[in-house]
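The lines below spell out each chain.
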Amino acid sequence: MNYLHPTQGHYTICNSSLSEFAALGFELGYSTTNPNSLVIWEAQFGDFVNNAQCIIDQFISSGQAKWVRQSGIVLLLPHGYEGQGPEHSSARLERFLQMADEDEDQVTEIKQKKHIQHTDIAMYQLDDTNWIIAHLTTPANYFHILRRQLALPFRKPLVMMSPKSLLRLPECRSSFDEMITGTSFRRIYPDEGEPSNNPNEVKKIIFCSGKTYYDLYKERATNKLDSQIAIVRIEQLCPFPFDEIRQELEKYKNAKICFAQEEHKNMGPYTFCKPRLACLLRSMNDARAGEINYAGRDSAAATATGIKSSHYLEQKTYMQQAMAL
């Protein structure tokens, strides 16, 4: 990896000790001292990140607010419901979203600052947020979001849910055409299939994030509902892409709205996204603001079941909820 190009940067991989607190604390310090290095810390499973919770709470989420110190550290947290039980399924995405300093009752608008004049809402949001939280579905977006960490004129922590199964999923692939000059990170992926050709005929629009998209896509095809259900992927959860989601809501103005997730109802991105979708709909004077439906697992104390048969039953019920018209 260090000999791909004569002018490339130095590349180092370290297999750290299983002390998340110590390793993440070191990497955070390294990232603040070396702002032009892309510093990535990956948990073995996202579930284990809670062993470094004080580093996240005290330093990463609030470091800029407390001490005016920026860090571009990247946290890769394997996250996804694949039947591996309650210790190997969830990076507790909801906790990171809860610590975002974005107002759920306010659609983001550009407010000019003295030190920088913004014309782009996406860049303004990145400058304004305390950190970036993403749940990606394509290799191209993965490439772009890592590249963007150093291309930005400032530094922000990036927390990424990184499911293991997408490394092996044949459908999860990108063309190199999506990674060449002129391409960039996509905050959402709109439905570019049948629904976009006849938006007035679409009966349901599903918002989701992460690998559950591939389950929903497959289930929709199985049920022959390609023309009736649109699926929109929210790749960057925080800052929330109000402007791009508005376009989708305006496009599918006759469709019922559903937020789908594989996590339990009291976990995952649902409690973060629902009030923001409702706020956006209210700002559009859209009556659907009070009718955002949920599809996913029921509320629970444990992040996942430890019984494989229960996992498959939950997944089947979830898919049925999502496809119901």
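Just so it is clear, the model here is predicted, and its values are computed rather than measured. (Residues numbered from 1 in each chain as written. Predicted model: local features only at pLDDT ≥ 70, side-chain atom pairs only at ≥ 80, totals over all residues. Heavy atoms only, no water.)

1. Let's talk about the overall build of the protein
Heads up, the condition is: Starting at the N terminus, helices and strands are each numbered in turn, a helix being any DSSP run of H or I of at least four residues and a strand any DSSP run of E of at least two. Radius of gyration here is computed from C-alpha atoms only, and the compact-globule reference equals 2.2 Å multiplied by the residue count raised to the power 0.38. Between two residues, a contact is recorded if the distance between any of their heavy atoms is within 4.5 Å. In short, Shrake-Rupley with a 1.4 Å probe defines the accessible areas, and a residue's cover is counted only from the protein chains shown. Only four residue types enter the tally: Lys and Arg on the positive side, Asp and Glu on the negative side, with His and both chain ends excluded. In this description, the location of a charge corresponds to atom NZ of lysine, CZ of arginine, CG of aspartate or CD of glutamate.
Scanning the protein from terminus to terminus reveals eleven helices and ten strands. A compact globule built from 325 residues would reach a C-alpha radius of gyration of about 20 Å, and the protein, at 20 Å, matches this within 12%. Expressed along its principal axes, the backbone C-alpha trace of the protein runs to roughly 55 × 50 × 40 Å. For the protein, the share of sequence-separated contacts (at least 6 apart) that also reach a separation of at least 24 residues comes to 80%. Accessible surface computed for the protein: about 16,300 Å², of which carbon and sulfur atoms make up 51%. For the protein, the centre of its 35 positive side-chain charges and the centre of its 38 negative side-chain charges are spaced 0 Å apart.

2. Some points on helix H11 (residues 308-323)
The line we're drawing: A helix is expected to span 1.5 Å for every residue after the first. The classification of residues rests on relative accessible area computed with a 1.4 Å probe and restricted to protein chains. Under 20% of the type maximum is buried, over 50% is exposed, and intermediate values are partly exposed. It is the directions from the helix axis to the C-beta atoms whose arc is reported.
The end-to-end C-alpha separation of H11 is 23 Å, in line with the 22 Å expected for 16 residues at 1.5 Å each. Turning to H11, its buried residues are His311, Gln315, Tyr318, Met319, Ala322 and Met323. Viewed end-on, H11 has its buried residues packed into an arc of 120 degrees, placing them on one side of the element. Exposed and facing more than 90 degrees away from the buried side of H11 are Ser309, Leu313 and Lys316. Close packing links the buried residues of H11 with strand E6 (204-208), helix H8 (212-222), strand E7 (229-234), strand E9 (256-264) and strand E10 (292-297).

3. A word on the sheet that holds strand E4 (residues 158-161)
Condition: Should DSSP find at least two bridges between two strands, the strands are regarded as paired. The axes used here are C-alpha line fits, helices contributing only the stretch in contact, and every angle between their N-to-C directions lies in the interval 0 to 180 degrees.
The strand order across the open sheet built from five strands is E1-E2-E4-E3-E8, with neighbouring strands paired in mixed fashion. Each edge of the sheet is formed by a strand with only one pairing partner; in this case those strands are strand E1 (40-42) and strand E8 (236-238). Averaged over all pairs of adjacent strands, the angle between strand axes in this sheet comes to 20 degrees, irrespective of strand direction. In terms of strand pairing, strand E2 (residues 74-77) meets E4 through four bridges, oriented parallel. Looking across to E4, one finds that Leu76 is bridged to Met160.

4. A look at the sheet that holds E10
Strand order in the open sheet formed by five strands is E5-E7-E6-E9-E10, and the pairing between neighbours is mixed. Here the strands that pair on one side only, and so sit at the sheet edges, are strand E5 (188-189) and E10. The pairing of E5 with E7 spans two bridges and is classified as antiparallel. Each residue of the ladder has a partner; that of Tyr189, found in E7, is Arg233.

5. Structural notes on the nonpolar core
In plain terms, the rule: For this analysis, a nonpolar core means a set of buried residues of the types Ala, Val, Leu, Ile, Met, Phe, Trp, Tyr and Cys, connected via side-chain atoms within 4.5 Å.
Ranked by internal contacts, the top residues of the largest apolar core, which has 52 residues, are Leu24, Ile60, Leu75, Leu77, Phe96, Phe207 and Ile245. Not counting the four nearest positions on each side in its chain, Ile60 is found in contact with Leu24, Leu28, Ile55, Ile73, Leu75, Trp131 and Pro157. Formed by 17 residues, the second largest nonpolar core is a distinct cluster that contains Tyr214, Ile231, Met319 and Ala322.

6. Observations regarding the environment of Glu102
For clarity, the cut-off: The definition of a polar contact used here is a pair of N or O atoms within 3.5 Å, where within protein one atom must be able to donate a hydrogen and the other to accept one, and adjacent residues in sequence count solely through side-chain atom pairs.
Mapped onto the secondary structure, Glu102 falls in the loop between helix H4 (93-98) and helix H5 (121-128). As for Glu102 and Arg276, which are separated by 174 residues in sequence, their C-alpha atoms are 10.0 Å apart. Separated by 3.0 Å, the side chain of Glu102 and the backbone nitrogen of Phe240 make a polar contact. A distance of 2.7 Å separates polar atoms of two side chains, one belonging to Glu102 and the other to Arg276.

7. Section: the pattern of salt bridges
As a reminder of what qualifies: Only one rule defines a salt bridge in this text: a Lys or Arg side-chain nitrogen within 4 Å of an Asp or Glu carboxyl oxygen.
In the structure shown here, the tally under the stated rule is 13 salt bridges. In this structure, the salt-bridge partner of Arg187 is Asp243, at a minimum N-O distance of 2.8 Å. Here Asp243 lies in helix H9 (residues 242-251) and Arg187 lies in the loop between E4 and E5, a separation of 56 residues in the sequence. By relative accessible area, which is 10% here, Arg187 ends up buried.

8. Here's the deal with the pairing of E6
Put simply, the rule is: Crossovers are described as right-handed under a simple rule: with the strands pointing away from the observer, the path leading from the first strand over the helix to the second runs clockwise.
For E6, a buried count of five out of five residues is recorded, marking the element as mostly surrounded by other parts of the structure. With five bridges connecting them, E6 and E7 associate as parallel partners. Residue pairing in the sheet places Lys204 in a bridge with Ile229 of E7. Where the polypeptide runs from E6 across H8 and back to E7, its parallel neighbour, the crossover connection is right-handed. When E6 meets E9, the two strands line up parallel, connected through four bridges. Directly across from Ile205, in E9, lies its bridge partner Ile257.

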